[in-house]
Structures are given as C-alpha cells and as structure tokens.
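Residues per chain are reported as follows:
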Amino acid sequence: MVTSTEKHNASSQNSNKESHFLLEEAPLMDPSRIRNARLREILDFWEAHKRGDDVPLWKTFNPMEFPDMLPTISVFSNEGTAEEPDYLLRVEGERSAEIMGLPTSMTSVSKLHSYFSNTKLGEQLDIMARHKRPIYFIRNLGWKDHRDYINYEILSLPFATEADGPVDRFLSVKIFTPRD
C-alpha cells in the first residue's frame, strides 16, 4: 500500500520547483501524536460530542470556547453531494489567511489554486467525509513564498449539520511555529 507520504515524495522527485516537505501525515489514529496541547483540547471537545460512531453535530461547536484559536480556524462545507462534493471555504481566520495567502471567506476550494494543489485539501476533505475521522498533519510552509522556516500543525475535524445527514462541515485549526 502506498502512503500519502510516499506519493508526495514521488511527486517531489518529479518537480525541482517543489521546496516544501511533509513532516507527518496520516488519518489521526493516536491522539498522542498531536504536539500542541490546545489542539489536543479541541480534539477532546470533538470526541466528547461524538454520537456513537458518528461525528458530532455542527451546532455543538462553539468557536467562542476557543477564542485564542479564532485567527487560525478554517471552516469548510460541502455544498454538493456526498458523491460529487463541491467544497467551500466558508471562513478563514485572519492569521491563517495572512500566512497562507488565502481569502477570509466564501471561496470555492477548487479556486484556491496554489493552496489546493500544495496541501491536497480536497483529498483531505474527502477522506474526512468518507471515514468520519479527524486528520492531523504537520507540514512545512515552503510552498508559500518559500516560507520553509515555518512549520504548521493542522487538526481537521468532520461534523454533520443534520443528525442523520452526511459529513458536510469541516473545522481545521492551525498552529504555526518557527522551524527548529
């Protein structure tokens, strides 16, 4: 089985222009992998609101419970169907938008050209929608104006807007840190 990292490494070898690198990526299996305590708290919140094997309802998330994280929170929705998703960036925190060069609201994910192609965002949203599990990864920001001196952690969590509905809301929280 080829992992995301192996696919990424293969594509990196095919492109001399690619300067960023993946530090760690996998669907979240072990919460101890999360480096930042605040991200662990947000994961604990998500876990506490799960409905058995199903994801929490979107209405259970109150961003004001995490006011310090608001500048780095992203909210996405699926405006299409489960079979043919059409992802929309609904809100991007100001700090995250500034660092990653993103708009702050209401932009189709497919129009986020460099961000979309470099982070495999659509693929990650698809994985969360299908598997109903969080994703956590650590990456280097070298793809954005060669800012390879910044690492970022992202914890992305799936939600549903209706009790019997599909996963159609996604929350991503980022932590930016200078590279060691």
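Residues numbered from 1 in each chain as written. Predicted model: local features only at pLDDT ≥ 70, side-chain atom pairs only at ≥ 80, totals over all residues. Heavy atoms only, no water.

On to the packing of aromatic side chains, then. Here the structure, examined in full by the defined rule, presents 9 aromatic pairs. Note on Tyr87 and Phe170: the rings are 5.8 Å apart at their centroids and 80° apart in plane angle, and the pair reads as edge-to-face. Linking Tyr87 in strand 3 (residues 87-92) with Phe170 in strand 7 (residues 167-178), this pair joins segments that are 83 residues apart in sequence. Exposure remark for Tyr87: the relative accessible area of 9% places this residue in the buried category. On the basis of an interplanar angle of 70° and a centroid distance of 6.4 Å, the ring pair of Phe137 and Tyr152 is categorised as edge-to-face. With a gap of 15 residues between them, Phe137 in strand 5 (residues 135-141) and Tyr152 in strand 6 (residues 147-160) connect regions that are remote in the sequence. (Phe/Tyr/Trp six-rings, centres within 6.5 Å; stacked < 30°, edge-to-face > 60°. Helix = DSSP H or I, 4+ residues; strand = E, 2+ residues; numbered from the N terminus. Buried < 20%, exposed > 50% of the residue type's maximum accessible area, 1.4 Å probe, protein only.)

This part takes up the environment of Trp46. Structurally, the position occupied by Trp46 is in helix 2 (residues 37-48). Given the relative accessible area of 1%, Trp46 is considered buried. The spacing of Trp46 and Thr60 is 14 residues in sequence and 8.9 Å in space, taken between C-alpha atoms. Beyond its immediate stretch of four places on either side in the chain, Trp46 contacts Val55, Pro56, Lys132, Pro134, Leu157, Pro158 and Phe159. (Contact = heavy atoms within 4.5 Å.)

The next point concerns the pairing of strand 2 (residues 73-78). Most of strand 2 is tucked away, with 6 of its 6 residues classed as buried. Burial along strand 2 is two-sided: Ile73, Val75 and Ser77 facing one way and Ser74, Phe76 and Asn78 facing the other are all buried. Pairing geometry for strand 2 and strand 7, over 5 bridges, is antiparallel. Bridge assignment links Phe76 to a residue of strand 7, and that residue is Phe170. Sheet analysis places strand 2 next to strand 3, joined by 5 bridges and oriented antiparallel. Paired with Ser74 across the bridge in strand 3 is Glu92. (Pairing = 2+ DSSP bridges.)

Once that is clear, we can look at helix 5 (residues 121-131). Those residues of helix 5 that sit buried are Leu121, Gly122, Gln124, Leu125, Ile127 and Met128. Phi turns positive, to about 55°, at Lys132, one or two residues after helix 5.

Turning next to the pairing of strand 5. Of all 7 residues that make up strand 5, 7 are buried, and the element is covered over most of its length. Pairing of strand 5 with strand 6, which is carried by 7 bridges, proceeds in the antiparallel orientation. Looking at the pairing, Ile135 lines up with Ser156 of strand 6.

Another point: the side chain of Glu153. Following the sequence through the fold, Glu153 ends up in strand 6. Of the polar contacts made by the side chain of Glu153, one reaches the backbone nitrogen of Arg35; its length is 3.3 Å. A polar contact of 2.6 Å, which involves the side chain of Glu153, links it to the side chain of Tyr136. Setting aside anything within four residues of it in sequence, one finds Glu153 in contact with Ile34, Arg35, Asn36, Leu39, Tyr136, Phe137, Ile138, Val173, Lys174 and Ile175. (Polar contact = N/O pair within 3.5 Å; in protein donor to acceptor, adjacent residues only side chain to side chain.)

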